[in-house]
Amino acid sequence: MVLIRSLPIYLTLLLLEYALLVRSVYSSNAFSRVVQHTHQIAARHTRNIARDLRLAFGAVLVSDPSQQPLDDGRAVYCKSSAAAGNGGQGNNSSSPTGTNSQGTGTSTNSAAAGSPTTSAVSTPWKLIEAHNGSDFFQGWSFFTGSDPTHGVVDYLDKNDATSAGLAYVNSAGNAVMSVDTTNNLTSNRKSVRITTSSQYDQGIWILDALHMPTGCGTWPAFWTNGPNWPAGGEIDIVEGVNTYTNNQATIHTNPGCTISSSNSTVLGITGTIVGGTNCAAAETNNQGCGVRSSSDVSFGAAFNKNGGGVYASKLDDTGVSIHFWPAGQVPSDVLAGTPNPSLATWGTPFAQWSSSGCNPNTFFHDHSAIFDTTFCGDWAGSVWTDSGIPGQEQSCAQSTGYPTCEAFVMAEGSAFTEAYWEVKSVKIYQYQS
């Protein structure tokens, strides 16, 4: 009885049935029927055992911890984490051109929204749009109007830019946007300016770049812009001119947006205020509220030599903040595609404009992201003879021998071989509680 109690119930029943049948056997025919009946029962239970084993082992396979389900039902195998004077103040980098954003797309008709390759981090910020790889240029419009910052530049449409080799994805899968390098031009130098078709009132815009344009005469920028400039607001994330090495972030708004102090400690930033505390474009000759990064590898040739880096611009109810991390120092959550600004690894932003003096819901809306490279114009041209700014210790007039920015740019095309963007990705996240 002890043995019987230790057996599975269906085997116990089988043995009891067999014993009863054997007792009733009185002929060979009866015995034959017993054997046949017993065989059928055993076969049926064998099939049940096989089914139970498949279900049991199937459950083990489904729960394999090396697989992480994605929202769309796909599964990927996770890999281990791989890393954890006014001369310096620019004018508006996009001016009324925020109105040239083609379309008012809501979000997700973007390029491939690649899966993260490092361990996931819990975050309420969800990827809503991504531009990377061979489809990087999907979801962007090519601006072809006159440069609102009065640079000596002609922006090409997509077909012309592609045919001229000024916009393409290289063999490493990175987007490249460069400029014409012909010497002794008789017309403006050709370049590329692109704007995302989608627009967002709030979000995190993350730029991962390896190289940005640099050199005397250049004025590259990556920023977000609302419609009817400056009514929709402008947030310059990456911007500088000539040979600068320290990035400048700036906001331009309608009247009424201010910062409370010019003291970095009071503002809780690592950067330095340049210009004033009034961010209204119309009241500051388009100067806005600028902050210069303390990092001397955050812009230009120094950024490129250091292997690039990552910028993150956050716009939400608390205001606007911008972080920069040089290559090799990017937080693991950002690398994983699960950015969480509340983590200590993000550190202190180098630029920040609090909602207490500048309500983001009033001054910023419907923002598109924009890249461009222009020449001379209102900023690079106006500081051509200036010196003493980080990276431009000697003026461009002295270092090039040309009295004006325009004369240099038109003549020396071969000087602009480093005037190109090489971008790994642009990703846009929105808060989803």
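Just above, that's the structure.
The structure displayed is predicted, hence computed values, not measured ones. (Residues numbered from 1 in each chain as written. Predicted model: local features only at pLDDT ≥ 70, side-chain atom pairs only at ≥ 80, totals over all residues. Heavy atoms only, no water.)

1. Notes on the overall build of the protein chain
Across its full length, the protein chain carries 11 helices and 20 strands. Sorting the 433 residues of the protein chain into buried and exposed places 49% on the buried side. (Helix = DSSP H or I, 4+ residues; strand = E, 2+ residues; numbered from the N terminus. Buried < 20%, exposed > 50% of the residue type's maximum accessible area, 1.4 Å probe, protein only.)

2. Observations concerning the packing of aromatic side chains
Inspection of every chain in the model, using the stated rule, returns 18 aromatic pairs. Residues Y311 and F324 carry aromatic rings whose centres are separated by 4.6 Å and whose planes lie at 35° to one another, so their mutual orientation is tilted. Taken together, the positions of Y311 in strand β16 (residues 309–316) and F324 in strand β17 (residues 319–326) put the pair 13 residues apart, joining distant regions of the chain. Neither Y311 nor F324 differs from the other in exposure class; each is buried. With a centroid separation of 5.8 Å and 65° between ring planes, the pair formed by F408 and F416 is classed as edge-to-face. Given a relative accessible area of 7%, F408 falls into the buried group. On the basis of relative accessibility, which here comes to 2%, the residue F416 falls in the buried class. Site record: aromatic cluster; members linked through ring pairs are F136, F137, W140, F142, F222, F371 and W421. Here the guanidinium or amino end of R193 rests over the ring plane of F143, the centre of that ring lying 4.7 Å away. (Phe/Tyr/Trp six-rings, centres within 6.5 Å; stacked < 30°, edge-to-face > 60°. Lys NZ or Arg CZ within 6 Å of the ring centre and 35° of its normal.)

3. Focus on the pairing of strand β13 (residues 248–252)
Walk down a regular strand and you will see the side chains alternate between the two sheet faces. Within β13, five of the five residues are buried, which leaves the element mostly enclosed by the surrounding structure. Residues Q248, T250 and H252 of β13 are buried on one face, and the alternating residues A249 and I251, pointing to the opposite face, are buried as well. In terms of strand pairing, strand β12 (residues 234–239) meets β13 through three bridges, oriented antiparallel. Residue pairing in the sheet places D236 in a bridge with T250 of β13. (Pairing = 2+ DSSP bridges.)

4. Regarding the environment of I273
Position of I273 relative to the elements: it lies in strand β14 (residues 272–275). Take I273: its relative accessible area is 13%, and that puts it in the buried class. Taking the C-alpha atoms as reference points, I273 and T250, 23 residues apart in sequence, are found 9.6 Å from one another. Contact partners of I273, with chain neighbours within four places excluded, come to I259, S261, S262, S264, L267, G290 and V291. (Contact = heavy atoms within 4.5 Å.)

5. Quick notes on the pairing of strand β9 (residues 193–196)
Residues R193 and T195 of β9 are buried on one face, and the alternating residues I194 and T196, pointing to the opposite face, are buried as well. Where strand β4 (residues 140–142) and β9 come together, three bridges link them in antiparallel fashion. Looking at the pairing, F142 lines up with I194 of β9.

6. A closer look at the pattern of salt bridges
The final tally for this structure, using the stated rule, is three salt bridges. Of the charged contacts in the structure, one is a salt bridge between R189 and D180, with a shortest N-O distance of 3.7 Å. Here R189 and D180 have matching classes, each one buried. In this structure, the salt-bridge partner of R193 is D372, at a minimum N-O distance of 3.9 Å. Residue R193 is located in strand β9, and its partner D372 is located in strand β19 (residues 368–375); the two are separated by 179 residues in the primary sequence. On the basis of relative accessibility, which here comes to 2%, the residue D372 falls in the buried class. (Salt bridge = Lys/Arg side-chain N within 4 Å of Asp/Glu carboxyl O.)

7. Brief notes about the side chain of S293
With respect to the helices and strands, S293 occurs in the loop between β15 (289–292) and α6 (300–305). Looking at S293, its side chain comes within polar contact range of the main-chain nitrogen of S295, at 3.0 Å. The contacts of S293, once residues within four sequence positions are left out, are N246, N247, G271, S298 and F350. (Polar contact = N/O pair within 3.5 Å; in protein donor to acceptor, adjacent residues only side chain to side chain.)

8. Considering the state of the cysteines
Per the counting criterion, the structure on display carries four disulfides. Disulfide pairing is shown between C216 and C396; the S-S distance is 2.1 Å. One disulfide, between C216 and C396, carries an S-S torsion of -90° and so falls in the left-handed class. A residue pair is termed long-range when its members are at least 10 positions apart, and C216 in the loop between β10 (203–211) and β11 (218–225) and C396 in helix α10 (residues 396–400) qualify at 180 residues. (Disulfide = S-S within 2.5 Å.)

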